Each structure stands twice: as C-alpha cells, then as structure tokens.
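Here are the chains, one letter per residue:
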Amino acid sequence: MQEISIRLKMIADLVTPGARVADIGCDHAYTDIYLASKGEVKSIIAMDLRKGPLEKAKENVALAGFSDIIELRLSDGFEKLNKGETDTAIISGMGGRLITSIIEKGEAVFTEGYRLILSPQTEPDILRNYLVNAGFVIEDEDMCFDEGKYYVAIIARYTGKECEVKLTEQEALYGPVLINNKNKVLLEFLELEIRKRVKVIEDLSKRLSDSPEKDNPCFDEKKISMNKRIDLLKGEIVSIRRIF
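Below: a short report on this structure. For every chain, the first residue of the written sequence is number 1, and numbering continues from 1 onward in sequence order. Under the rules for a predicted model, residues below a pLDDT of 70 receive no local features and side-chain atom pairs below 80 are neither given nor counted, while totals for whole chains, interfaces and linings still include all residues. As a rule here, side-chain values come from all non-hydrogen atoms in the structure, and water together with hydrogens is ignored.

1. Structural notes on the nonpolar core
Spelled out, the test is: Among buried residues, those of type Ala, Val, Leu, Ile, Met, Phe, Trp, Tyr and Cys that are joined through side-chain atoms within 4.5 Å constitute a nonpolar core. Only protein chains enter the accessibility calculation, which uses a 1.4 Å probe; a residue is then buried when its area is under 20% of its type maximum, exposed when over 50%, and partly exposed in between. Helix numbering and strand numbering both begin at the N terminus, where a helix is a DSSP run of H or I of at least 4 residues and a strand a DSSP run of E of at least 2. Contacts: residue pairs with any heavy atoms within 4.5 Å of one another.
F78, I103, Y114, L116 and L131 are the most contacted members of the largest nonpolar core, which totals 30 residues. Looking at this core, the elements with two or more residues in it are β1 (20–24), β2 (43–48), β4 (88–94), α4 (96–105), β5 (115–120), α5 (124–133), β6 (136–146) and β7 (149–158). No other element matches the 4 residues that α5 contributes to this core. Dropping the residues within four chain positions of it, Y114 is found in contact with A22, F78, L81, T86, D87, T88, A89, V109, A156, R157 and Y158. Grouped together as the second largest cluster of nonpolar side chains are 29 residues, M10, I11, L35 and A46 included.

2. Let's talk about the packing of aromatic side chains
Here is the rule: Two rings from Phe, Tyr or Trp (for Trp, the six-membered ring) form a pair when their centres are within 6.5 Å of each other. A pair whose planes differ by under 30 degrees is stacked, one over 60 is edge-to-face, and the rest are tilted. Only when the NZ atom of a Lys or the CZ atom of an Arg is both within 6 Å of the ring centre and within 35 degrees of the ring normal do we say a charge sits over the ring.
Per the stated rule, a full pass over the model turns up 8 aromatic pairs. Ring centres 5.3 Å apart and planes at 55° place the aromatic pair F110 and Y114 in the tilted group. Residue Y114 is classed as buried on the basis of its relative accessible area of 1%. Where F110 meets F136, the ring centres are 5.5 Å apart and the plane angle is 80°; that geometry is what we call edge-to-face. Taken together, the positions of F110 in the loop between α4 and β5 and F136 in strand β6 put the pair 26 residues apart, joining distant regions of the chain. The pair F110 / F136 is uniform in exposure class, with both members buried. Taken together, the ring pairs connect F78, F110, Y114, F136 and Y158 into an aromatic cluster. The residue whose ring lies beneath R7 is Y151, and the NZ or CZ to ring-centre distance is 5.3 Å.

3. Quick look at the pattern of salt bridges
Test applied: Salt bridges are identified by distance alone: a Lys or Arg side-chain nitrogen within 4 Å of an Asp or Glu carboxyl oxygen.
In total, this model carries 19 salt bridges according to the counting rule given. Here D13 ties to K9 by a salt bridge, and the two come within 2.7 Å at their closest N and O atoms. Under the relative-accessibility criterion, K9 is labelled partly exposed at 37%. Taking the shortest distance from any N to any O, the salt bridge between R20 and D87 comes out at 3.5 Å. Here R20 is found in strand β1, whereas its partner D87 is found in the loop between β3 (70–74) and β4, with 67 residues between them in sequence. Salt bridges linked by common partners bring K9, D13, K38 and E40 together as one network.

Next comes the structure, spelled out in structure tokens:
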C-alpha cells in the first residue's frame, strides 16, 4: 500500500469515525485508501473530473482491497453527488479560491451538520471569509510541515446561518482556531513570515542608501514608494507578533 504523506494523513485524521465521506478531487485515492484501512468510516465516494487519475485511483483501490468501501465517480466537484449520500467532504490540494467555487456550486448537497475538511494551498483568507458568510462555522484547524512546505487543514460545519461574528484580517489569514490554540506549527510559520519581511526591509533600505540616484530629485517618487513599502512591512511584522 502507498505510504501516505504527512499532509494527507493530517487531513484524513480529521475525519470523524463513522462518517460517510466524499473526496472531491481524489487524485489517486491515497487519502481514501488510508481512511478505509483505518476501518473507521462507513463509506467513501472518491471523485475527480479527470479520467486519468480516476482510472489510477480505481487500480489503487482494487489493489488495496477496498472496492467494497470506496466508490469512484467521474465528477466536477459535487456534481455527481446526491444529497444524503455523505455527511462529510474532503477538498484539498487546490487554491482557496477554487475550493470556494466548488463549495458554492455544491450547496444543494449540504444539510445542517454537514462537515467540510478543507486544505487550501493558497488564499486561505478568501476561503475562511467565504465559509463564515455562507452558513459554515469553523470548528477546528490543524497545520503541518511536509516536504519543505506548510499546509493548513480546516474543519467547517454547515449551519445554514451566516455567522454574526466576522473574522479579523489575521484570523482569515492564519486561522482563528490555530491562533487561539497557539498552534506550534503556525508559530514556526509566522516566525518564517517575519524573517521574510525583515529581509525585504533590509534589501529595500540598502537599495535606498546605496542608490547613486538617492540625491536626485527624480528619485524622490521611487524613494517615497519604497519607504511606504517598508512601513507596510513593519506594520505587518507588529501585527504578526501580536499572535505570539
């Protein structure tokens, strides 16, 4: 059986025992095979819009001996999923904007209590803000470091009611639960973000001081722009440090 990555294991381990799962964009079904091997889920419907990966997923599922638990479907998002077939959906390996679009198009599937386990590769703030405005509550979050990259996972439960309390800019970017719990991996990630900003500030400051045009009036506009950028980065560093 294919060994599962740290990222996929984090996502799979957030599935509640006894769940009926839909894996949207299942790729080669490694997450689904891992879930089935744990023996804790009732059923899995693994879906992908690409025929090639779905055929490979079918082979992997058969070789692992889980064809009775994992059903495979060619589907664009939730398109081929019927209401009531599942109570949990996994969507990972995509940008936050695309995941948002998939959820929007699949809203007919959601009933009260339906759970989404989401792992956006980019733009997590867009996804989190969408969730709290679209009748979801962010219940839990996790974060891991895998093969040189940081990954986040979000558990959202459907209530059908827009959240009265909106996310702050920091919560949307870094996760309300991760921040509240002072998640260790998040703090590592934030330390890296601070170092990146410090490096940019140092580079900009050096360019300003070393520029042969620094005393030229024509350079003033560029100087103002670079100083604004430095001030913005310093403000971001202060904002990030407040999370600690």
